[in-house]
Amino acid sequence: MDTLTISQVSATDADVSALLLRHEALMRAGSPEESCHVMDPATLDAAGVTLLAARSDTHLLGVGGLIVIEPHHGEIKSMHTTPAARGRGVGRAILVALIDLAQSRNLTRLSLETGTDDSFAAARALYHGEGFIPCPPFGSYKFDPLSAFMTRTI
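Quick notes on the rules
- Residues numbered from 1 in each chain as written.
- Predicted model: local features only at pLDDT ≥ 70, side-chain atom pairs only at ≥ 80, totals over all residues.
- Heavy atoms only, no water.
- Buried < 20%, exposed > 50% of the residue type's maximum accessible area, 1.4 Å probe, protein only.
- Helix = DSSP H or I, 4+ residues; strand = E, 2+ residues; numbered from the N terminus.
- Pairing = 2+ DSSP bridges.
- Polar contact = N/O pair within 3.5 Å; in protein donor to acceptor, adjacent residues only side chain to side chain.
- Contact = heavy atoms within 4.5 Å.

Before going further, it helps to spend a moment on the pairing of strand 7 (residues 147–153). With six of seven residues buried, strand 7 lies mostly within the body of the structure. Where strand 5 (residues 109–115) lies against strand 7, seven bridges are found, and the strand directions are antiparallel. Of the residues in strand 7, the one forming a bridge with Leu-110 is Arg-152. Relative to strand 7, strand 6 (residues 133–134) runs antiparallel, the two being bridged by two bridges. Bridged to Ile-133 within strand 7 is Thr-151.

Further remarks concern the pairing of strand 3 (residues 59–70). By the bridge criterion, seven bridges tie strand 2 (residues 50–56) to strand 3 in an arrangement that is antiparallel. In the sheet register, Thr-50 faces strand 3, and the bridge partner there is Leu-66. Counted between consecutive antiparallel strands, the loop separating strand 2 from strand 3 contains two residues, among which Asp-57 sits at a positive phi close to 55 degrees. Pairing geometry for strand 3 and strand 4 (residues 73–81), over seven bridges, is antiparallel. Its bridge partner being in strand 4, Gly-65 is matched across the sheet by Lys-77.

Positionally, Glu-75 belongs in strand 4. Judged by its relative accessible area of 6%, Glu-75 falls in the buried class. At a separation of 2.4 Å, a polar atom in the side chain of Glu-75 contacts the side chain of Tyr-141. When sequence neighbours within four positions are dropped, the list of residues in contact with Glu-75 reads Gly-65, Leu-66, Ile-67, Ile-69, Leu-110, Ser-111, Leu-112, Glu-113, Phe-138 and Tyr-141.

The subject of this paragraph is the side chain of Arg-55. Structurally, Arg-55 can be placed in strand 2. Separated by 2.5 Å, the side chains of Arg-55 and Asp-15 make a polar contact. When neighbours within four sequence positions are excluded, Arg-55 is seen to be in contact with Thr-3, Leu-4, Thr-5, Val-9, Asp-15, Val-16, Leu-60 and Leu-61.

Right, dumping it as structure tokens:
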């Protein structure tokens, strides 16, 4: 893989928006509305989500976001890598950068919601590999058999 760079981006950047829209469509296609917690690109910016993007040269390979949900507690949002980038460490690089960003903002806990379906197994393994463990629903989430909640201290 060429040199990977990670930088802060806006959900309105054309390539970032396109990737986020693909992510949203994929999540909505695989979950009933009441179990789908994906945010559209406009909502991410309006909610104050800080987005990071991974690129190789000028090619966008993945995105991930961080939002503060309460004092000292952040949530990982909209983690997604392009199909061509999967299995190349891009998701892990974005996740580590988001953890570093959370630490720089004096957060002490990071949580996330992902799916329970087998199609989310790689994502759950990635999160587990970076110290996330299962937890009860947090923030405004409610129990849902289609949601896996994970958290870690930082």
